[in-house]
Amino acid sequence: MSSSTWLTLAVALISLLLARSVIDERIIRSKYKNVISVGPSGMFGTLIGTFQLLLGYRDFIQEGYEKHYGKLFRIPTLFTMTFVVTGHDLLEDVRKASDDQLSLYGSIKEGMQTDYTMEPHILDNPYHFRFVHLSLTRDLGGRFPELREEVITAFSELVPPTDDWTSFPAWLTGKSIVLRVTNKLFVGPPLCHDLDYNDINDTYSDALVKTALIVGLTPDFLKPIVASTLYFYIPKTLKRAMKHVAPLVQERLEKERTFGKDWPGKPNDLLSWLMEKAPESDKSVRAITIRLLATMFAAYRPASMALTQALFDLATYPSYIPELRAEIEPIVKEKGITKESINKMYKLDSFIKESLRLRGGGKSSMPRKVLKDFTFSDGNTVYTGSTIIATGYAIHHDARHYPDPDEFDGFRFARLREAENDPVRYQMVSVGPTYMMFGNGRHACPGRFLVSALLKTMLAHVLMTYDVKLEQDDGVRPPDKWFTFAPAPNETASLMFRKRANLA
Ligand code: HEM
């Protein structure tokens, strides 16, 4: 394209954004004049506010949370009205709302621009998520031994125990371990060990997030053009994935033809589940591969972040290590690492949960698209097409809920459990309005039982097998990296591992 065409396009785009901002202002004045508003107002308020928010100049979500706790407030966002819900009562309203009023899938569809980045209508029937609800969570006990074995082999291959301290890139290693273990449940061996296939899962997710961010900022009528310009990466990666998945599907279909539907040795994984349970129209290799990648997108990134952050915390606060080992060692000596034995490791559970609390939750969590006008218990109404969010990060850093909220207190939840003699309420998997890591209500993450078991198995294995420390001996934790509204672990820092000093 010539430079004059680019200039014309840029002028057209800016005019559109300005016009949209003026329309937003009209909507605010006619429908939302009684709702608290945080950030710039006036004709170009939503445009200015959106850029301030995205460029990190202003943190309207935290500002509003501090000034208007317990209330609903609006933040400036172009193209959709966004409202932040705070305080117990309003969060309860969201939790109790039906899916046809406030929709998680509607907000994922918009946030991930799935019509352009995945497959139109993929979230009209997200049957692939049902595998996590129906199969993975229910079978977790039965599948635990093979998961534990995969964790142990993954660590021994990717972090071979050495007598001297050896440095490993924390994020890359954490991601590789989680991808491999999760793919064991999704496609089984040998594909779960295939470096190219695991890399594809990672590349695909990365391409999705970046494409979705840009397409999301584009006016609707330009979206197909912008998406197709950026999109080249996604189909290329999808094709690479299909090359791995197609022969596996073929092999399983042949076995089914020869030995019948429940052929001996039939793997109990997401691929088999999709081949059997997907609607007939979605039985092509392409459709199956998209669902595999989409489920992995939901699973591996947050799980890898959680593992990497917990390892950083272990290395930054080594004073916890003796007490954690004192808890784990007798349990493992008696029974080994089993599903039952990790359930008894409540100090380890507390340590990981504290890491999740402090490092996770995101500024914009529990997003819901308003599909039908919705009136909160305080009388405020949000109208169809708007978006509501909670702010897990602010909740997790609120002294009303957590004394010294910015401090890492690894046994915070273990002490509460002991004091109240309540083995359930403070566990990592228990959700509620003050712990939003996994959302809340009927859509609370169904993968949390798996992820809690995996993280505990991984950390218990690390504590039993290795000594860990920060690469720099200055005790300073590698700083998080923020991607729009969510913190992520430092991607470049390394951790040092060696074979545990007194390990034979
Ligand atoms: C530490 C790791 C994880 C975190 C922090 C996390 C967090 C979340 C959150 C915040 C939600 C939305 C809840 C809501 O809005 O109410 C969610 C939903 C979901 N997560 Fe996770 N997740 C993790 C791991 C996983 C894993 C390992 C899987 C799959 C094996 C998974 C599968 C899902 C699915 C399928 C949904 C959609 C739920 C639905 O359809 O109602 N997640 N997760």
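Rules used in this analysis
- Residues numbered from 1 in each chain as written.
- Predicted model: local features only at pLDDT ≥ 70, side-chain atom pairs only at ≥ 80, totals over all residues.
- Heavy atoms only, no water.
- Donors = N, O, S within 2.8 Å, 3.2 Å for Na, K, Ca; no water.
- Helix = DSSP H or I, 4+ residues; strand = E, 2+ residues; numbered from the N terminus.
- Near = heavy atom within 4 Å.
- Polar contact = N/O pair within 3.5 Å; in protein donor to acceptor, adjacent residues only side chain to side chain.
- Salt bridge = Lys/Arg side-chain N within 4 Å of Asp/Glu carboxyl O.
- 1 Å grid on protein atoms, 1.4 Å probe; cavity = no way out; pocket = protein on both sides within 12 Å on 5 of 7 lines; lining within 4 Å.
- Points joined across faces, edges and corners; volume = space filled by probe spheres on them.
- Nonpolar A, V, L, I, M, F, W, Y, C, P; charged D, E, K, R; others polar.
- Phe/Tyr/Trp six-rings, centres within 6.5 Å; stacked < 30°, edge-to-face > 60°.
- Buried < 20%, exposed > 50% of the residue type's maximum accessible area, 1.4 Å probe, protein only.
- Pairing = 2+ DSSP bridges.
- Axes fitted to C-alpha atoms, helices over the stretch in contact; angles between N-to-C directions.
- Parallel < 35°, antiparallel > 145°, perpendicular 65-115°, else oblique.
- Left-handed = near helix turned anticlockwise from the far one by under 90°.
- Contact = heavy atoms within 4.5 Å.
- Patch = residues over 30% accessible without salt bridge, like charges linked within 9 Å, V, L, I, M, F, W, Y side chains within 5 Å.
- Areas by Shrake-Rupley, 256 points an atom, 1.4 Å probe, with all protein chains shown as cover.

(A) Geometry of the coordination of the iron atom of the ligand. Protein coordination of the iron atom of the ligand is limited to a single donor, Cys445 (SG), positioned at 2.3 Å. In this structure, Cys445 sits in the loop between helix H19 (412-420) and helix H20 (448-465).

(B) Just the site of the ligand, in detail. As a structural note, the neighbourhood of the ligand is formed by 24 residues, with Tyr105, Phe129, Arg368, His443 and Cys445 the closest of them. Contact between the ligand and Tyr105: an oxygen atom at 2.4 Å from a side-chain N or O atom of the residue. At 3.4 Å, a backbone N or O of Asn440 approaches an oxygen atom of the ligand. Elements supplying a minimum of two residues to the shell around the ligand: helix H5 (104-111), helix H7 (127-136), helix H14 (285-316), strand E6 (365-370) and H20.

(C) Structural view of the pattern of salt bridges. For the structure on display, the rule yields 43 salt bridges. Residue Arg58 pairs with Glu63 through a salt bridge whose shortest N-O separation is 3.0 Å. One salt bridge connects Asp99 with Arg442, and the closest N-O pair in it is separated by 3.2 Å. Here Asp99, found in the loop between helix H4 (88-96) and strand E4 (102-103), pairs with Arg442, found in the loop between H19 and H20; they are 343 residues apart in sequence, far enough to count as distant. The network of salt bridges with shared partners includes Glu150, Glu157, Arg180 and Lys184.

(D) Broad picture of the layout of surface pockets. Its volume calculated, the second largest pocket comes out at about 550 Å³. Taken together, 20 residues line the second largest pocket, and the ones lying closest to its centre are Trp6, Leu13, Thr218, Leu222 and Val226. Along the lines of polarity and charge, the residues of the lining of the second largest pocket split into 18 nonpolar, 2 polar and no charged.

(E) Spatial organisation of the packing of aromatic side chains. Here the structure, examined in full by the defined rule, presents 18 aromatic pairs. Ring plane angle 65° and centroid distance 5.8 Å describe the contact between Phe131 and Trp273, whose orientation is recorded as edge-to-face. Linking Phe131 in helix H7 with Trp273 in helix H13 (residues 270-277), this pair joins segments that are 142 residues apart in sequence. For Phe131, a relative accessible area of 1% puts it in the buried group. Classification of Trp273 as buried rests on a relative accessible area of 11%. Each ring, one from Tyr402 and one from Phe413, has its centre 6.1 Å from the other, and the planes form 75°; the classification is edge-to-face. One end of the pair, Tyr402, is in the loop between helix H18 (392-396) and H19; the other, Phe413, is in helix H19, with 11 residues separating them in the sequence. A residue is classified by how much of its surface remains accessible, and Tyr402, at 6% relative accessible area, is buried.

(F) How the structure looks around the pairing of strand E9 (residues 387-390). Neither face of E9 is left uncovered, since the one carrying Thr387 and Ile389 and the one carrying Ile388 and Ala390 both have all their residues buried. With 3 bridges connecting them, E6 and E9 associate as antiparallel partners. Within E9, the residue paired with Arg368 across the bridge is Ile388.

(G) The packing of helix H9 (residues 170-186) against H14, seen in detail. Close contact between H9 and H14 brings their axes to 8 Å; oriented N to C, the two are set at 135°. Of the possible angle classes, the one that applies to H9 and H14 is oblique. Between H9 and H14 lies a crossing of right-handed hand. Contact with H9, carried on its side by Ala170, Trp171, Gly174, Lys175, Val178, Leu179, Thr182, Asn183 and Phe186, involves Leu292, Thr295, Met296, Ala299, Tyr300, Arg301, Ala303, Ser304, Met305, Leu307, Thr308 and Phe312 of H14 and no other residues of that element. When the residues that make up the contact of H9 with H14 are grouped by side-chain class, the tally is 13 nonpolar, 6 polar and 2 charged.

(H) Focus on a nonpolar patch on the surface. A surface patch of nonpolar side chains, about 750 Å² in accessible area, is lined by Phe51, Leu54, Leu55, Tyr57, Leu213, Ile214, Leu217 and Phe483. Looking at the nonpolar patch, the elements that each hand over two or more residues are helix H2 (45-54) and helix H10 (195-216). Assignment of secondary structure puts Leu55 in the loop between H2 and helix H3 (60-67).

(I) Summary view of the side chain of Asp282. Here Asp282 is to be found in the loop between H13 and H14. With relative accessibility at 18%, the residue Asp282 sits in the buried group. At a separation of 3.3 Å, a polar atom in the side chain of Asp282 contacts the side chain of Arg291. If sequence neighbours within four positions are ignored, Asp282 has contacts with Tyr127, Ala287, Ile288 and Arg291.

(J) Quick peek at the sheet that holds strand E10 (residues 466-470). What the 3 strands build is an open sheet, ordered E5-E13-E10; its pairing is antiparallel. In this open sheet, the two strands that pair with only one neighbour each are strand E5 (166-169) and E10. Between one strand axis and the next, the sheet turns by 35° as a mean value, whatever way the strands run. For E10 and strand E13 (residues 494-499), the ladder comprises 5 bridges, and the chain directions are antiparallel. Pairing of Val468 across the sheet is with Phe497, part of E13. In this fold H14 packs onto E10 and E13, with an angle of close to 85° to the strand it touches most, E10.

(K) Layout of the sheet that holds E6. Pairing is mixed across the open sheet formed by 6 strands, whose spatial order is E1-E2-E3-E9-E6-E4. A single partner strand is all that each edge strand has here, and the edge strands are strand E1 (36-37) and E4. Most of the contacts of H5 go to E6, to which it runs at about 95°, and overall it touches E4, E6 and E9.

(L) Quick look at unusual backbone geometry. Between Pro189 and Pro190 the backbone carries a cis peptide bond, its omega angle lying at 0°. Positionally, Pro190 belongs in the loop between H9 and H10. If you check the backbone angles, Asp404 has positive phi at about 45° while not being a glycine. With respect to the secondary-structure elements, Asp404 resides in the loop between H18 and H19. According to the relative accessible area criterion, Asp404 is exposed, its value standing at 57%. For Asn421, which is not glycine, the phi dihedral falls at a positive 50°. By secondary structure assignment, the location of Asn421 is in the loop between H19 and H20. According to the relative accessible area criterion, Asn421 is exposed, its value standing at 68%.

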